[in-house]
Number of protein chains: 2
Amino acid sequence: MASIAHELAKKQKEISVSEFFEKNKHILGFDSLTRALITAVKESVDNSLDACEDAGILPEVFVQVTKEDNNEYRVIVEDNGPGIVKKQVPNVFGRLLYGSRFHTRAQRRGQQGIGVSAVVMYAQITTGRPAKVKSKISDEDVAHECELVMDTKKNRSQTVREDFVIWDKEHGTRLEVNLKGKYVQGKQSIFEYLKGVAIVNPHAKITFIPPDGGTIVFERATEEMPPPTREVKPHPEGVELGELLNMAKYTEAKKMTSFLNTEFSRISLRVAREILDIAEISHDQRPSRMTLDQAGNIIEAVNKVKIMSPETDCLSPIGEGLIRKSLKNVLGETRASFYAPPITREPKVFGGNPFVVEVGIVYGGQLNKEDPVQIYRFANRVPLMYQQGACATTQGIENVDWRRYGLEQRGGKGIPYGPAIILVHVASTKIPFTSESKEAVANVPEIREEIELALKACARKLKTHLNKAERKSKTRVKFEIVQDIIPMIAQKSAKIVGKPVPDIAGTITKIMNVVWVEDEVTYDKKKHHVSVKLYNYTPKTQKLHVHMVIPFDKVDEKSLAIAPSEVRDGTKVSWDIKKIASTEVFELAFDLKGVNRGEYDDNEVFVSGIDPASIIGADILPGDWDLEHITITEDKAEEASENGEIDYDEGAEVIDDEE
Amino acid sequence: MASIAHELAKKQKEISVSEFFEKNKHILGFDSLTRALITAVKESVDNSLDACEDAGILPEVFVQVTKEDNNEYRVIVEDNGPGIVKKQVPNVFGRLLYGSRFHTRAQRRGQQGIGVSAVVMYAQITTGRPAKVKSKISDEDVAHECELVMDTKKNRSQTVREDFVIWDKEHGTRLEVNLKGKYVQGKQSIFEYLKGVAIVNPHAKITFIPPDGGTIVFERATEEMPPPTREVKPHPEGVELGELLNMAKYTEAKKMTSFLNTEFSRISLRVAREILDIAEISHDQRPSRMTLDQAGNIIEAVNKVKIMSPETDCLSPIGEGLIRKSLKNVLGETRASFYAPPITREPKVFGGNPFVVEVGIVYGGQLNKEDPVQIYRFANRVPLMYQQGACATTQGIENVDWRRYGLEQRGGKGIPYGPAIILVHVASTKIPFTSESKEAVANVPEIREEIELALKACARKLKTHLNKAERKSKTRVKFEIVQDIIPMIAQKSAKIVGKPVPDIAGTITKIMNVVWVEDEVTYDKKKHHVSVKLYNYTPKTQKLHVHMVIPFDKVDEKSLAIAPSEVRDGTKVSWDIKKIASTEVFELAFDLKGVNRGEYDDNEVFVSGIDPASIIGADILPGDWDLEHITITEDKAEEASENGEIDYDEGAEVIDDEE
């Protein structure tokens, strides 16, 4: 036995990080020829976009893939970024775990210092050829061009050739590699990846020359850079005890109060003192003397003290407006019947890292009813193409009971079926990917919970739309029957009793006994025309309040015949409708000017001040405007609805049951 | 711009591998509290089992989890392995990417030198407490005990306390760590993980003391170690060009022939010469002088030359018998109606690594018809608990059209529904996991293809079973109707025409016109009693051959009334049945002795020498015995069946159509 232990001991040795990844190239996204080619483009483009944004440059990225031989392709990615100084080129492109962003907390596409070096390594493993890098920084006249090979035993690269060359470009970087791959079309392709990039990066111009020729250009949709994201300190929520001890060991702060105040975000000196008091630690203690018990006490105290949510300027969500616009741009051909208003949640924290979740849903049109819903996943503005099943976004979707929201789902679990696309974007100063290939978000409970809340909030809007559509179609059928049959009964009866046919308008309204709301948006001559018609099919005169969510500053004043009774937050507009006589119709109409086509195409109409049972075609305003429109209370609504306390969707359906 | 490039350059720095994993602990399986606790147990137990097997010791592993405080648990894992020499303890438990198995090609649970050090790191991050390790090797009197802390900035551990202690144990290792976690029951739990370990490691004894008390013992089911697996050289198939160049650079061989012969498996000197001739390279060339073009030529030549499949003694599949037995042991309570004979495929190769795929299917009983099938995944005898959706095994299952094999599946894609469990085991000298948490097999095309072929082969057996059951039930209904109605018609007709009721036995056989085969296995007095009854419901005398797959050496000679006409491979047994008169029944019966209960519980009966259309209850022998029983030709059968050339399943169904 002893000899075995000694023998085993002899075999023990260190593994270099590049040897590790060389042997585990599938972890980096190189598990098949098809994926390898996409990964190579993806890592290079991500790098280019990050470099441009770091330098405040509107990105212009050029991608070319050419077929060389058999399974060998040449991938070229060129950007107009700030360039890379000569001595860093071998590190950036030929050394794994080397980078500028690992030790910072900021929303970036690349963080690990692995991606593009992995491309160079994979290229070399599969074709034996060096990578070619050209880079120019703007205060130099010439570009520097070199060829690199990687020594995976040492995790260092070697420059096999270098030169200064003229480059007709202000600044930028160009990478060329030859690698084994397979070029395909379809759902998982370079084209789809670049299209996804364009959706969530409207400030980037991307040109793509595929191996079969032709040039595809994704034009810039905006000349504005996304607001720059700030680097932040860790948020105290979810910081681990061991990390806290480590931070205390290395801090430059001399006192506990300043330690907490300077090393964390959202801890003011006042909050720091409060935490220390609860933890029973002297304000002046040296951080390096922090004991294990004290660290535990601080962690507990943090949970008891009210700490502000993380700053939002460290995150760059796509935004509700842009999600909608992007989806419409890309999905024009599906002629979807409904784009649910997207949801961008408030930032939350996991393990000290702020993050934000966004969700959008598209429904109907030419999307196939028989297929599972399509899932569009994004993390830090990067489309995720592989490992859908492993992703917290997918798991979030699978955990929602979509039957409640109008989609088919066997047993209320799993990916739902129906004519829908679900988009989920997670933005964070640190995306916890399940592996270095960065294709799936790990199942971190804090993130999954936010995803589920965002999905439910967006799904409720889908459900409201579907309910409305269903109620309208049911009531329409009822109308048709009533309007057909009542006159026939009247005639027949009149004939039998030998009397004249009676006036039956009143009878129809008595039988219907509803106020029918029909709203419409049309677009013409650069204006959106909004019309809300209220049909009083009750035997009595009715009065009610109508509420709409509209950009009120865009309403063409001349077009607005009835002044609103109230306008809140510039978007929540209410009208008092004082009188609609029985069997009469009332129209509320106005135009919107200066709103781009497609940015307003579905009215949100609510009513109040009327018996909910007599309204068809609009929802009753749920107690408080906020219930529908402020994200934070939406959870409460969800909760309440799940506890059976409020259920405005269901409430509305009661009407159907009474028919 | 230049200043930006320079500024960015200043931020570039190296990232230590332990800092990387500290920040990406979710990659190592620590993404939630529940999973963290399971991962800690899993990595430690895997290590223990590997250590025991390396030393040829029957493993005895003790696992205890106690609740300390809030979310803090203490995990203790102790084994009877060979122990670890003192100076290696800090490396094995406190240094990432350090191990003995990375540079070898052999089937092991652990390979990366990450797992157990990651547990120590996670424990320290979350609780700030050191890990305690006790180890004893058999030629020393005392055990060495120490406490370790890890410096993640340096990827080294520091011993904070050490001692020699008396340990009442010959040899072994014990690890104790405190970590933040959450203990749960259910499908993803420590208990289920250990149960899975017991299924595929019947030579191990595992004791588990959960936090809520009690002791669970998984007793050893066999005293035999699995055959030791040999370390192998890479198989030439799938070796990458860059790797080949690298190997040529570092080899000690002086000539190309000996380089190919000594550095690869399955390249004899003859094959080496053949390859070099095709590649037009001199046999005597120094390997270090190999050019890029030459390397490319060798890779091409390898694909043209016939090279033997990899050695099987480097792999340790569970085996068809054991899979069946293990499933029965564990699933006794589901009273499944059918255990499809498991499939162990022939070894194949990906990227130079031999691997083998095994599949088993369980059907019916108390398994829920309405649920998705349950999937049991294993890799190198380790149960996979998480990331099911990312796993090549799951993707293989999703790609099979299960509707062809009798399970429900919407659109012929995705996880099928039905009362079934599907077990998939992948064994390899290198499992390509999607991440360091080792929970999902990467989607490597070679592996996924083998998984699909194995699934289809096993699914065909399920389908045969279901077809047989369905045909029997259909024919039974027909029998009942015919037997009820014909006599009634006879009586009625006789009455009308005023004649006596005719004998209708012949009429019934004319209408049925089938030979009905009914087989049965019962177990009693330590014997399996097998009976195959052949009912001749045709108007003519019949003769036919009956073929069965049985362990012929286990047949009790005294019980066998009819001698077989042929016995092939000791299991393929044929009988000539010379004469069965119309309306008569013939019984073929025998006993099996020395077969454990449950190891023979479903007959495979085939017939030949008779019109296929007149047989019910057995399949026609498909041309060649091999078609059903040798794996390699099964693919061809599958292929042929997909091309519509042969379709024995469908062929049999023609009978139903004719009813």
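Residue numbers restart at each chain and count upward from 1, following the sequence in its written direction. Labels follow written order: the first chain is A, the first ligand is 1, and so on. Where totals are concerned, whole chains, interfaces and linings use all residues; where local detail is concerned, this predicted model gives features only for residues with pLDDT of at least 70, and gives and counts side-chain atom pairs only at 80 or more.

A.B. asks: What should I look at first to understand the interface of chain A and chain B in this one?
C.D. replies: The extent of an interface is frequently quoted as the accessible surface area lost upon association of the parts. C-beta atoms are placed from the backbone for every residue, and two residues are taken to be in contact when these atoms lie within 7 Å. At the interface, 63 residues of chain A touch 63 residues of chain B. In this text, helices come from DSSP runs of H or I with a minimum length of four residues, and strands from runs of E with a minimum of two, each type numbered from the N-terminal end. For the side of chain A that touches chain B, the elements supplying multiple residues, two or more each, are helix H1 (2-11), helix H2 (17-23), helix H4 (89-94), strand S4 (98-99), helix H5 (115-127), helix H7 (241-250) and helix H10 (292-304) of chain A. Considering every element that reaches the side of chain A that touches chain B, the biggest residue donor is H1(A), with 7 residues. Tallied by class, the residues present in the side of chain A that touches chain B amount to 30 nonpolar, 25 polar and 8 charged. In this count, Pro and Cys sit with the nonpolar residues alongside Ala, Val, Leu, Ile, Met, Phe, Trp and Tyr, while Asp, Glu, Lys and Arg are called charged and the others, Gly among them, polar.

A.B. asks: Teacher, can you tell me more about the domain arrangement of chain A here?
C.D. replies: An automatic or database domain assignment supplies the residue ranges for each domain. Parsing chain A into structural domains produces domain 1 (17-218), domain 2 (241-304), domain 3 (320-463) and domain 4 (503-621). Centre-to-centre, using C-alpha coordinates, domain 2 of chain A lies 38 Å away from domain 3 of chain A.

A.B. asks: Is there a simple way to think about the pairing of strand S3 (residues 72-79) of chain A in this case?
C.D. replies: For a regular strand, side chains alternate in direction, first toward one face of the sheet and then toward the other. All names here are of chain A. Taken across its 8 residues, S3 has 6 buried, putting it largely inside the fold. Pairing analysis gives 7 bridges linking strand S2 (residues 60-69) to S3, with the strands arranged antiparallel. If you follow phenylalanine 62 over to S3, its bridge partner there is glutamate 78. When DSSP finds at least two bridges between two strands, those strands are taken to pair. Linking S2 back to S3 in an antiparallel pair, the connection comprises 2 residues, with asparagine 70 at a positive phi of about 40 degrees. In this scheme every C-beta is placed from the backbone, and a residue whose C-beta has 20 or more other C-beta atoms within 10 Å is buried, one with 12 or fewer is exposed, and one in between is partly exposed.

A.B. asks: How do you make sense of unusual backbone geometry when you look at a structure like this?
C.D. replies: Of note, Leu97(A) is a non-glycine position whose phi angle comes to about 55 degrees, a positive value. As for its position among the elements, Leu97(A) is in the loop between H4 and S4. Its identity is not glycine, yet Asn380(B) carries a phi of approximately 45 degrees, on the positive side. Here Asn380(B) is to be found in the loop between strand S14 (374-379) and strand S15 (382-383).

A.B. asks: Quick question: what am I supposed to make of the packing of helix H3 (residues 33-54) of chain A against helix H6 (residues 190-200) of chain A here?
C.D. replies: Packed helix pairs are specified by the crossing angle of their axes together with the interaxial distance, meaning the distance between the axes. All names here are of chain A. Angles shown run from 0 to 180 degrees and are taken between the N-to-C directions of axes, each axis being a line fitted to C-alpha atoms and, for helices, limited to the stretch in contact. Packing of H3 against H6 brings their axes to within 10 Å, and their N-to-C directions diverge by 25 degrees. Considering their axes alone, H3 and H6 lie roughly parallel with respect to each other. Judged by the twist between their axes, the crossing of H3 over H6 is right-handed. Across the interface between the two elements, Leu37, Ile38, Val41, Lys42 and Val45 from H3 touch Ile190, Tyr193 and Val197 from H6. Residues of the contact of H3 with H6, tallied by class, amount to 7 nonpolar, no polar and 1 charged. Here the angle decides the label: under 35 degrees means roughly parallel, over 145 means roughly antiparallel, 65 to 115 means roughly perpendicular, and every other value means oblique. Left-handed describes a crossing whose near helix is turned anticlockwise from the far helix by less than a right angle; the clockwise case is right-handed.

A.B. asks: Whenever I open this one, the relation of the copies chain A and chain B confuses me. Can you help?
C.D. replies: Mapping between the two copies of the chain is achieved by a rotation about an axis and a shift along the axis. Least-squares fitting of one copy onto the other uses the C-alpha atoms of those residues that reach a pLDDT of at least 70 in both copies. Once chain A is rotated about the relating axis by 180 degrees and shifted along it by 0.0 Å, it coincides with chain B to within an RMSD of 0.2 Å. Both copies of the chain, as the preceding transformation shows, are related through a two-fold rotation axis. Among all residues of chain A, the minimum C-alpha distance to the rotation axis is found for Gly389(A), at 2.0 Å. When you check the interface residues of chain A against chain B, 100% turn up at the interface there too, and the contact is symmetric in its surfaces.

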